Amino acid sequence: RLSNHDINFNNVEISSKNTFSLIVDNRFNYKNLFVNSEISLDKAEYEKPKMLSKYFTDVNDVINLRKHKIKATFKDNNLSLIGSGKIQLEKEYDDIDYSISQSGDKVNFDTKLIISKTQFEVERINFSNDGKSKLQLEVSGNHIRKNDLSIDKLLITTKNDKLGMDNLLIDKYHRIVKFDEISLNYFDNEDKKNHILIKRKKKNNYELNGTLFNANSLISDLLKSKDDKHARIFKNNINFTLYLKDVYLDNENVISDLKGNFYIENNKIHQANISAFFDNNEKLTFTINTNNDEKITTLFSSKAKPLVKRYKFIKGYEEGYLDFYSSKINNISKSKLKIYDFKLKELPVLTKLLTLASLQGIADLLSGEGIGFDEMEMNFKNNSNLMTIDELYAIGPAISILMSGYVEEDKLVSLRGTLVPATTINKTVSSIPVLGKILVGDKTGEGVFGVSFKIKGKPKDLKTTVNPIKTLTPRFITRTLEKIKKN
């Protein structure tokens, strides 16, 4: 076993050829020690550094080294190692070259790792190799024990990708202190091209420019409204100005001329003001304003679909625009989402809700362009992985829906509500001031005002129960009157 502070090798098989010289005086003191060695490291095991798990998805707890040839030189109290060999991070062995020199507490390093059988990823930018094609990782810099790590150059290249970083400084807590430049030119995990350049202008002010960027996964993460307590990326507060020519919102929707600025304080977006345009010159705006402990987020999009479709319990949005407001205090957010003038082609098990004879005409609409809605308003709260829907109300010329419940991310959906055709609503509203009670039609099937429903289960296995109702809840009538009066 070989051990040096944080470096621990086990089960080492090693041999070497050495030449050395030194000057010894008559008191047996020596000076001018020079050692030159050719080392064969046939086998060694190295305990996995914690940081590796962030980039190598299935890295072993113990890293194996095999068949390394190392040239070692010691002169004037300086040590130099130049070597190459095989390294096993996961199942297979890959190639690694390295050059390491030490003078006092300062260690200089220059390493090249070529992997073709190991999975590598950078999750925050949605990049990974497939564990089959060749990826080359080059890192050079220096480190002073218990102090900052300085990376002069970091370069990742594949056949189609090139990701680089210059003059990166990382503190002992693995936080970024500064960097001069980050250049990203790659295809991400959705096979979308990304081309971005980030440069430091002065102190903690940076410019982010690019021609292409895929924001699909980033938007999904933002909508989840999570606070990662372990995401302490930056040591200092940072200000970004940005301009991106084209940005993918998803596979179908692209915005152009995205520009603005955002300010990161204590590793959270503290202020932001960003705008962009869809292809028909319709606009998207996004703002964040933080005052004391309250963070207020707004989002307006002339196209609702690329954003709303991420809420898995409702699907099939077409057309329409979106207005979103959220207030967050102590990691609990209260939000209001409004969508106007849209069509809905599918709600999980909506077809089943509409199979009652009195609602069959509405069910027939599902085979066409979808059911139109004038407005939908959803009031909800987010706390960690739980989204609680206080109320979702949608009103349209053919149908209206009122429901509430909760969605536990990737685990459970529980919703209940009322679904009513517009003919019943019109009769209900018109009857209140005249008769003071709800009238029912005298034709076959019109005696059912609508249906009450419950939807519950895992997101991919929802179960529905349906009951016809003849009496609408006061809450439904009140919300309908409010909307009609406002309109």
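Bear in mind the structure is a predicted one, so any value in this text is a computation, not a measurement. (Residues numbered from 1 in each chain as written. Predicted model: local features only at pLDDT ≥ 70, side-chain atom pairs only at ≥ 80, totals over all residues. Heavy atoms only, no water.)

Trainee: I'm lost on the side chain of Asp94 in this one. Help?
Mentor: Looking at the secondary structure, you find Asp94 in strand β6 (residues 93-103). If we ignore the near neighbours within four places in the chain, the residues touching Asp94 are Gly85, Lys86, Ile87, Ile114, Ile115, Ser116, Lys117 and Thr118. (Helix = DSSP H or I, 4+ residues; strand = E, 2+ residues; numbered from the N terminus. Contact = heavy atoms within 4.5 Å.)

Trainee: Quick question: what am I supposed to make of a nonpolar patch on the surface here?
Mentor: A cluster of nonpolar side chains, Phe20, Leu22, Val24, Phe28 and Tyr30, forms an exposed patch at the surface whose accessible area comes to about 610 Å². Along the chain, Tyr30 falls in strand β3 (residues 30-47). For Tyr30, a relative accessible area of 55% puts it in the exposed group. (Patch = residues over 30% accessible without salt bridge, like charges linked within 9 Å, V, L, I, M, F, W, Y side chains within 5 Å. Areas by Shrake-Rupley, 256 points an atom, 1.4 Å probe, with all protein chains shown as cover. Salt bridge = Lys/Arg side-chain N within 4 Å of Asp/Glu carboxyl O. Buried < 20%, exposed > 50% of the residue type's maximum accessible area, 1.4 Å probe, protein only.)

Trainee: I tried to follow the environment of Thr287 on my own but got confused; where do I start?
Mentor: Tracing the chain through its elements places Thr287 in strand β20 (residues 283-291). Among the residues examined, Thr287 registers a relative accessible area of 19% and is labelled buried. Each C-alpha atom, one on Thr287 and one on Phe300, is 9.2 Å from the other, the two residues being 13 residues apart in sequence. Dropping the residues within four chain positions of it, Thr287 is found in contact with Ala272, Asn273, Ile296, Thr297 and Thr298. Side-chain polar atoms of Thr287 contact the side chain of Thr298, separated by 2.4 Å. (Polar contact = N/O pair within 3.5 Å; in protein donor to acceptor, adjacent residues only side chain to side chain.)

Trainee: Is there a simple way to explain the environment of Gly164 in this structure?
Mentor: Tracing the backbone shows Gly164 in strand β12 (residues 162-170). Along the sequence, Gly164 and Asn185 sit 21 residues apart, while their C-alpha atoms lie 8.7 Å from each other. If we ignore the near neighbours within four places in the chain, the residues touching Gly164 are Leu154, Leu155, Glu181, Ile182 and Ser183.

Trainee: It is not clear to me how the pattern of salt bridges should be interpreted in this structure. Could you clarify?
Mentor: For side chains bearing opposite charge, pairing can occur when the charged atoms are close. All told, the structure shown has 10 salt bridges when counted by the stated rule. Among the salt bridges present, the one from Asp171 reaches Arg175, with a minimum N-O distance of 2.8 Å. By relative accessible area, which is 6% here, Asp171 ends up buried. For Arg175, a relative accessible area of 24% gives the class partly exposed.

Trainee: What is the right way to look at unusual backbone geometry in this model?
Mentor: Negative phi values dominate among residues other than glycine, just as trans dominates among peptide bonds. You will see that Asn126, though not glycine, has its phi angle at about 60°, which is positive. Along the polypeptide, Asn126 turns up in the loop between β8 (121-122) and β9 (127-128). A positive phi is found at Ser384, a non-glycine position, where the angle reads about 60°. Mapped onto the elements, Ser384 comes out in the loop between β24 (371-383) and β25 (386-395). For Ser384, a relative accessible area of 48% puts it in the partly exposed group.

Trainee: Sorry, what's going on with the confidence of the model for the protein here?
Mentor: This prediction gives the protein a mean pLDDT of 82; 81% of its residues lie at or above 70. Here residues 1-5 scores under 50 on pLDDT; set against residues more than four positions off or in separate chains, the count is 10 contacts. Note that pLDDT drops below 50 for residues 427-447; the model gives that stretch 22 contacts with residues more than four away or on any other chain. (pLDDT = per-residue confidence, 0-100.)

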